[in-house]
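Observations on the three-dimensional arrangement
Now for the letters of each chain:
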Amino acid sequence: MNKFLRLSLIALLAVFCGGGAFAQDATIDFDNDYATLFPTLPGVSSGSGATAVTDGDFTVATTSTAVNGVTVTVSTSTSSTANRIWSGSPRLRMYGGTLTVNSAKDIAKIVFTTKTGKSRKFDMTANSGSLTDNDWTGNAKEIVFTCNSNTQIMKMDITFATAGSVAPPVINGEETFKGSTSITLNAEDGADIYYTTDETDPTTASTKYTGAFTISNTTTVKAIAAKGGKSSTVTSKTFTKIQEMTIAEAQAATTGTVCGIKGTVVATCTRGCLIGDETGYIYYFANAAHEYVIGDKIDISGAVSLYNGFNQFTNTATITKIGTEEVTHPTAQSMTGADVTAWAAAPEIKYVTITGALNISGNYYNVTIDGTEIVGSIVSPDEALKAQLTTGKSYAITGYAIYVNGSTTKYMNILPISVADPTGINGITTDTANENAPIYNLAGQRVNKNAKGILIQNGKKFVNK
């Protein structure tokens, strides 16, 4: 059964006094009007630990008298504690799902105010219109947005279209592109379109649109529609050219830079993978199960973001497998406690071996290393690796140290390639040999058949030289 949180939010219509084609008619303020909007919302607690609403159908209405009504429906297909209404710093927080805005009147514009540092991360799915970073323009009674990452909304300002107004045009094209991209503009029947590409607002004296045009650099396209002596509001959309880079260049890029790199998967976990080229390494955080294995050649592009000192790609990136190749890992540095302490003071992504006693606590697989307060941490191990590990035992873990985190206790996060287990591999069994069965390394990671070293297939170890 889908998990739904349905919020019926009704805002008073501001008095429209003429003098223009549009007026701001409704505001849904998650920040300042929390108590009014959500007087009895189930599952809400105060402070940063607000409880998520994960089950059932809930409808909450304001107590104000409705002049014009707007309904916002938030729905998620899975139960997630990340989807919640916060009351300590009131906002709607979404990690996936859809947000649907319905109105009896045509909506011309929606402006989202988001938490500082949290850009709106929606895809528009079910209607025409133009979606830029934090606003939507168009002409529709229902707009459906799909959330594709962490979105935290403080407020929504809604502008209605009035009778006789001209609907703003729609701008279409690849929002991130390689090389060049074609831009098309559409407007209502009988309307002319005028546009600019130099950041200025267009007028009827600007370039008239006569057909698709091509851009080959990062460009903001702005457009208006004109009909019967009236002009629409401005529609704006930015198209960002992907900058082809080496991984070292992507690591040095400013957060938010849209990069494109090619590399090879050298290590994986259940929530992402590490990609390498001849210049360095970068982590792809899928935040979910993924299909990539060691040896996959990858073409990935997207905005890089800084995480614990290193740039990474997130699940908003576009990633494609373009081939396979053999992976040869560098010689691992066997690290003492003092080495680990020095690494944590100035971390770099590198191939290491650490040794210590394993402590398993829930989903955390941590290693106590003699001679340092830094704790080794196996990043998101899969079930095959978990089956090999026993709490309290000592292991030599070889893999890629990818970052250090933690406020009080510091953790050296490792994507393992091999785990020396004194009891050997267990928990992987099969009744019948299958030459096409998946192949795993000693860390339980699925690899390609051309991988080298001690591997496991059909529950048995073999050496591939």
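Please read all numbers here as calculations on a predicted model, not as lab measurements. (Residues numbered from 1 in each chain as written. Predicted model: local features only at pLDDT ≥ 70, side-chain atom pairs only at ≥ 80, totals over all residues. Heavy atoms only, no water.)

1. Digging into the overall build of the chain
Helix and strand content of the chain: 4 helices and 37 strands. Put simply, the chain has 465 residues, and 47% of those count as buried. A sequence separation of at least 24 residues applies to 63% of the contacts in the chain between residues at least 6 apart. For the chain, the accessible surface area stands at approximately 21,400 Å², while carbon and sulfur atoms represent 48% of it. (Helix = DSSP H or I, 4+ residues; strand = E, 2+ residues; numbered from the N terminus. Buried < 20%, exposed > 50% of the residue type's maximum accessible area, 1.4 Å probe, protein only. Contact = heavy atoms within 4.5 Å. Areas by Shrake-Rupley, 256 points an atom, 1.4 Å probe, with all protein chains shown as cover.)

2. Section: the pattern of salt bridges
By the definition in use, this model includes 10 salt bridges. Between Asp-299 and Lys-178 there is a salt bridge whose closest N-O contact spans 3.0 Å. Of this pair, Asp-299 sits in strand β24 (residues 296-303) while Lys-178 is found in the loop between β12 (176-177) and β13 (181-186), placing the two residues 121 residues apart along the sequence. The exposure class of Asp-299 is buried, given its relative accessible area of 15%. Judged by its relative accessible area of 36%, Lys-178 is partly exposed. (Salt bridge = Lys/Arg side-chain N within 4 Å of Asp/Glu carboxyl O.)

3. Overview of unusual backbone geometry
Of note, the phi angle at Glu-199 is positive, near 80 degrees, even though the residue is not glycine. With respect to the helices, strands and loops of the structure, Glu-199 is situated in the loop between β14 (192-196) and β15 (207-208). Non-glycine residue Asn-308 carries a positive phi angle of around 50 degrees. In this fold, Asn-308 is placed in the loop between β25 (305-307) and β26 (310-313). Given a relative accessible area of 30%, Asn-308 falls into the partly exposed group.

4. Some words on the packing of aromatic side chains
Scanning the entire structure with this criterion turns up 7 aromatic pairs. Relative to Tyr-403, the ring of Tyr-307 lies with its centre 5.2 Å away and its plane at 85 degrees, an arrangement referred to as edge-to-face. Of this pair, Tyr-307 sits in strand β25 while Tyr-403 sits in strand β32 (residues 394-405), placing them 96 residues apart in sequence. For Tyr-403, a relative accessible area of 11% corresponds to the buried category. Taken together, Tyr-195, Tyr-209 and Phe-213 form an aromatic cluster joined through their ring pairs. (Phe/Tyr/Trp six-rings, centres within 6.5 Å; stacked < 30°, edge-to-face > 60°.)

5. Some thoughts on the side chain of Thr-235
Considering the arrangement of structural elements, one finds Thr-235 in strand β19 (residues 235-241). For Thr-235, the side chain forms a polar contact with the main-chain oxygen of Pro-169, separated by 2.8 Å. Ignoring sequence-local partners within four residues, the contact set of Thr-235 consists of Ser-130, Thr-137, Pro-168, Pro-169, Ile-171, Val-221, Lys-222 and Ala-223. (Polar contact = N/O pair within 3.5 Å; in protein donor to acceptor, adjacent residues only side chain to side chain.)

6. Overview of the pairing of strand β33 (residues 411-420)
Summarising burial for β33: 7 of the 10 residues are buried, a large majority. Pairing geometry for strand β31 (residues 375-378) and β33, over 4 bridges, is parallel. Among the inter-strand pairings, Ile-378 is bridged to a residue of β33, identified as Ile-414. Pairing of β32 with β33, which is carried by 9 bridges, proceeds in the antiparallel orientation. The partner of Gly-399 across the bridge, within β33, is Pro-416. Connecting β32 to the antiparallel partner β33 that follows it, the hairpin turn spans 5 residues, and Gly-406 within it adopts a positive phi of roughly 110 degrees. (Pairing = 2+ DSSP bridges.)

7. Structural notes on the confidence of the model for the chain
Per-residue pLDDT for the chain averages 78, and the proportion of residues at 70 or more is 72%. In this model residues 1-23 is a low-confidence stretch, pLDDT under 50, and it forms 83 contacts with partners more than four residues away in sequence or in other chains. For the stretch residues 77-83, pLDDT sits under 50, and the model shows 17 contacts to residues farther than four places along the chain or on other chains. (pLDDT = per-residue confidence, 0-100.)

8. So, the sheet that holds strand β16 (residues 213-215)
Strand order across the open sheet formed by 3 strands is β11-β13-β16, with antiparallel pairing between neighbours. Both edges of this open sheet fall to β11 (170-172) and β16, since each of them pairs with a single strand only. The sheet shows a mean angle of 30 degrees between the axes of neighbouring strands, direction not considered. Pairing geometry for β11 and β13, over 3 bridges, is antiparallel. In the sheet register, Ile-171 faces β13, and the bridge partner there is Leu-185. (Axes fitted to C-alpha atoms, helices over the stretch in contact; angles between N-to-C directions.)

9. Quick look at the pairing of strand β22 (residues 272-277)
Across the 6 residues that make up β22, a large majority, 6, are buried. Going residue by residue along β22, you find Gly-272, Leu-274 and Gly-276 tucked away on one face and Cys-273, Ile-275 and Asp-277 tucked away on the opposite face as well. One ladder, built from 5 bridges, connects strand β21 (residues 258-269) with β22; its direction is antiparallel. Bridge pairing in β22 links Thr-264 to Gly-276.

10. What about helix α3 (residues 337-345)?
Along α3, the residues that are buried comprise Gly-337, Val-340, Trp-343 and Ala-344. Buried residues of α3, seen end-on, are gathered within an arc of 120 degrees and therefore sit on one face of the element. Residues of α3 that are exposed and point over 90 degrees away from its buried face: Ala-338 and Ala-345. Contacts from the buried residues of α3 go to β29 (350-361), β32 and β33. (Arc of directions from axis to C-beta.)

11. Observations concerning the environment of Glu-249
Mapped onto the elements, Glu-249 comes out in helix α2 (residues 247-252). Through-space distance from the C-alpha of Glu-249 to that of Ile-261 is 9.3 Å; in sequence the pair is 12 residues apart.

12. Concerning the environment of Ile-261
Within the secondary structure, Ile-261 sits in strand β21. For Ile-261, a relative accessible area of 0% corresponds to the buried category. On a C-alpha basis, the gap between Ile-261 and Asp-299 in space is 6.0 Å, while along the polypeptide they are 38 residues apart. Not counting residues within four places of it along the chain, the set of residues in contact with Ile-261 comprises Met-245, Thr-246, Ile-247, Ala-250, Ile-275, Ile-282, Ile-298, Asp-299, Ile-300 and Phe-313.

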